[in-house]
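# Fold and contact review
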Amino acid sequence: MPLLHRERHRHDRGEASSGRERFHLLLLAKDHTGYRNMMKLSSAGYLEGFYYKPRIDKKILAEHAEGLIATSSCLSGEVPQYLLRGDYEGARRALGELVEIFGRDNVYVELQDQGLSEQRRINPELIRLAGDLGLPLIATNDCHYLVKEDAHAHDVLLCIQTGKGLSDPSRMRFPNDQFYVKTAQEMWDIFAEVPEALTNTEKVAERCNVVLNFEENHLPRFPVPEGQTLNGYFESVVRDGFERRLEALREVPPETGNGASVWAAKHAVEVYRERLETELSIIVSMAFAGYFLIVWDFIRYAKEEGIPVGPGRGSAAGSLVAYALGITDIDPLEYGLFFERFLNPERISLPDIDIDFCMRRRGEVIDYVANKYGRDKVAHIITFGTMAAKGAIRDVGRVMELPYGEVDRVAKLIPNDPDATIDGAVSSVPALQEAIDKDPQVAELVDLARQLEGQVRHASTHAAGVVIADQPLTDYVPLYKPPAGSGGSQEHAIVTQFPMNDVEAIGLLKMDFLGLRTLTVVHDALESISQESGEEFTTSDIPIDDPGTFELFASGSTSGIFQFESTGMRDALRKLGPSRIEDLIAMNALYRPGPIGSGMIDEYIRRKHDPSRVKYLLPQLEDIQKETYGVIVYQEQVMQIASELAGFSLGEADVLRKAMGKKKPEVMASMEEKFIDGCKARHVPPTWRRRSGTRWSSSPATASTRRTRPPMPCSPTRRPF
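Scope of this entry: the structure provided in the associated data block. (Residues numbered from 1 in each chain as written. Predicted model: local features only at pLDDT ≥ 70, side-chain atom pairs only at ≥ 80, totals over all residues. Heavy atoms only, no water.)

### Describing the pairing of strand 5 (residues 107-111)
Where burial is concerned, most of strand 5 is hidden: five out of the five residues are buried. Taking every second residue as pointing to the same face, both faces of strand 5 are buried, with Val107, Val109 and Leu111 on one and Tyr108 and Glu110 on the other. Two strands pair when backbone bridges link them, and strand 4 (residues 68-71) and strand 5 are joined in this way by two bridges, in the parallel orientation. Bridge pairing in strand 5 links Thr71 to Tyr108. Two elements, strand 5 and strand 6 (residues 137-139), share three bridges in a ladder whose sense is parallel. (Buried < 20%, exposed > 50% of the residue type's maximum accessible area, 1.4 Å probe, protein only. Helix = DSSP H or I, 4+ residues; strand = E, 2+ residues; numbered from the N terminus. Pairing = 2+ DSSP bridges.)

### A look at the pattern of salt bridges
Inspection of the entire model under this criterion finds 39 salt bridges. The salt bridge partner of Arg606 is Glu603, with a shortest N-O separation of 2.9 Å. Of the two residues, Arg606 and Glu603 are both situated in helix 25 (residues 600-609); the distance of three residues between them amounts to about one turn of the helix. A residue is classified by how much of its surface remains accessible, and Arg606, at 37% relative accessible area, is partly exposed. Using a relative accessible area of 18% as the deciding quantity, one classes Glu603 as buried. It is possible to trace a salt-bridge network through shared partners that takes in Arg92, Glu125, Arg128 and Asp132. (Salt bridge = Lys/Arg side-chain N within 4 Å of Asp/Glu carboxyl O.)

### Remarks on a nonpolar patch on the surface
There is a patch of nonpolar side chains on the surface, built from Leu146, Val147 and Val181 and spanning about 260 Å² of accessible area. Considering the arrangement of structural elements, one finds Val181 in the loop between helix 6 (151-162) and helix 7 (184-190). (Patch = residues over 30% accessible without salt bridge, like charges linked within 9 Å, V, L, I, M, F, W, Y side chains within 5 Å. Areas by Shrake-Rupley, 256 points an atom, 1.4 Å probe, with all protein chains shown as cover.)

### A word on the packing of aromatic side chains
Inspection of the entire model under this criterion finds 16 aromatic pairs. Geometrically, the ring pair formed by Phe298 and Phe513 is tilted, given 4.8 Å between the ring centres and 35 degrees between the ring planes. Within this pair, whereas Phe298 is found in helix 11 (residues 289-304), its partner Phe513 is found in strand 14 (residues 509-516), the two being separated by 215 residues in sequence. Judged by its relative accessible area of 1%, Phe298 is buried. For Phe513, a relative accessible area of 0% gives the class buried. Note on Phe357 and Phe513: the rings are 5.8 Å apart at their centroids and 15 degrees apart in plane angle, and the pair reads as stacked. (Phe/Tyr/Trp six-rings, centres within 6.5 Å; stacked < 30°, edge-to-face > 60°.)

### Quick look at the packing of helix 9 (residues 230-248) against helix 10 (residues 269-285)
The geometry of helix 9 relative to helix 10 is characterised by a closest axis approach of 12 Å and an angle of 160 degrees between their N-to-C directions. Between helix 9 and helix 10, the crossing angle belongs to the class labelled roughly antiparallel. Like other packed secondary-structure pairs, helix 9 and helix 10 cross with a definite hand, here right-handed. On helix 10, the residues touching Asn231, Phe234, Glu235, Val238, Arg239, Phe242, Glu243 and Leu246 of helix 9 are Val269, Tyr272, Arg273, Leu276, Glu277, Leu280, Ile283 and Val284. (Axes fitted to C-alpha atoms, helices over the stretch in contact; angles between N-to-C directions. Parallel < 35°, antiparallel > 145°, perpendicular 65-115°, else oblique. Left-handed = near helix turned anticlockwise from the far one by under 90°. Contact = heavy atoms within 4.5 Å.)

The following block contains the structure:
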């Protein structure tokens, strides 16, 4: 079972004006009630009592004491502080207050011995106090790093955090190297005279039995009209939106002039209706109707308020329900997008819809959500900045007070790659290893930076993530408020103390409210056009088959066009000569490290210009590969191939697709036999089956790309969307 604890700064409310008198207090959660109270106390410390440090007072401590164990704490605790002042009665009174708050069975007198004279002076008094009040002793060690050898690196880290150099005599520093996680034998050697303190420490650990539930979801409750059920209202809203979408797919050809409408989509209306019913049944069966209504509601609000909203991105574009609700504006059938990429009953997880909003007005949408569901149920998500390889070198160099030029020279030997590591650079850059071998100072610099690499440097607010819960968030997660001056437009926002992945793991609904500057620019451009022309002009008026636009792309004159502006992309566009929207979609998907390195872009270009080069894996895959000239470009194509050749359901094919994209060989291996058996049952040639089996552990070069429509290109005289 996890041992969950929190060391809090405690102060008396009457001392808040001075803000300086504060003490440490160690709290441990016995059970889930204690864990929940610990979260509430931690949140209160940051949101209500923050003054240099998060603080709580005895009143709020008493209100949330159930399920918690308290100790007299370290040297900075109230009880030890009284003893250091020679005030035994004050220490006894303070310890008695803890007994009143937590109960006699939940208070322990804590002994520490890291070789400090202050500890050795008051430990006999702490033992005496425990005897006078009939309280048990426990033995602990104040731990700030894992092993003894980390002491120097920890010293350097403190200097980085406080902006000091190692030569500064006034800098914050620990008195010795004993603040590490000691072994059981080391603790027995230290506290041999009070063995009951060590056995009690084990008993306390056994009393702490918090079990976290990772199976529940805490979706907020969407308010439906009186007399309607959640699922019933969801289905009615979806069907109404679907009928409006169908009307848009019936168009009147200008040349007829007789009002006769024709069906403009590639698929028959029956195909749309069948797909809609399938999606509805899956969503309702997975209990996600409320989720869709929540997203529909705040997007509807944004559009009604004239706040620009993106047309959709990621796997959510594969949902016809999302299209019907206006959550996305991309017809998934037209572009061959699959619902199972977004929501798969065979890979159950919370939906994840990323929504783009105008950068200027994104905050209005978040405010709407907070007001609707309760501000205590909505928060931003914390994110932690860590020390990357180059940054660690530079930070340690400053602390060691080495000449800037020398540190800069070493830092520049680290490859310019966001994923670069110091160990990787040492093994792959001979000049770095040579510098380490020649200069002991460089060796020390690199060694210290290696130890600190990946350490958390600071906390900030996630650029887009927002959580919404059904109950006050402090029932599920502790909250935090970045201090003033920490930077960023959201520095005063309330955020979770758990980062994004942990928030999702405990079942909270995470949504990305992305502020997209491009939307703001497009909105302003459209308004300008409408004002000058006197006619309303929207993105829906922009054609996707404008010859002038394709000439622009084919010339490579795409500087400033999102995702098409890099030098390599412009060169590829000149070679390709795109003539249809599908070419731009393919280039957007292919221009990634894997496909570029494997030559897939060049092959795609060759096949476009020379149809004789177009080949298909098997004749029955022509319909799947035809759009991309026989090149497997999209993850959806991988899913279609698995379905066509092996009879996989799209749900099973999505599991395979994700395993390939995430490089999970154990998942792929578990599906290999079924895939080969399915191919055999469908009379796939044995040679192809054997070839697919031998390559099963490696995904297609472009299996990590997605078939999603790129920002809609405008004519050459207008900015792109």
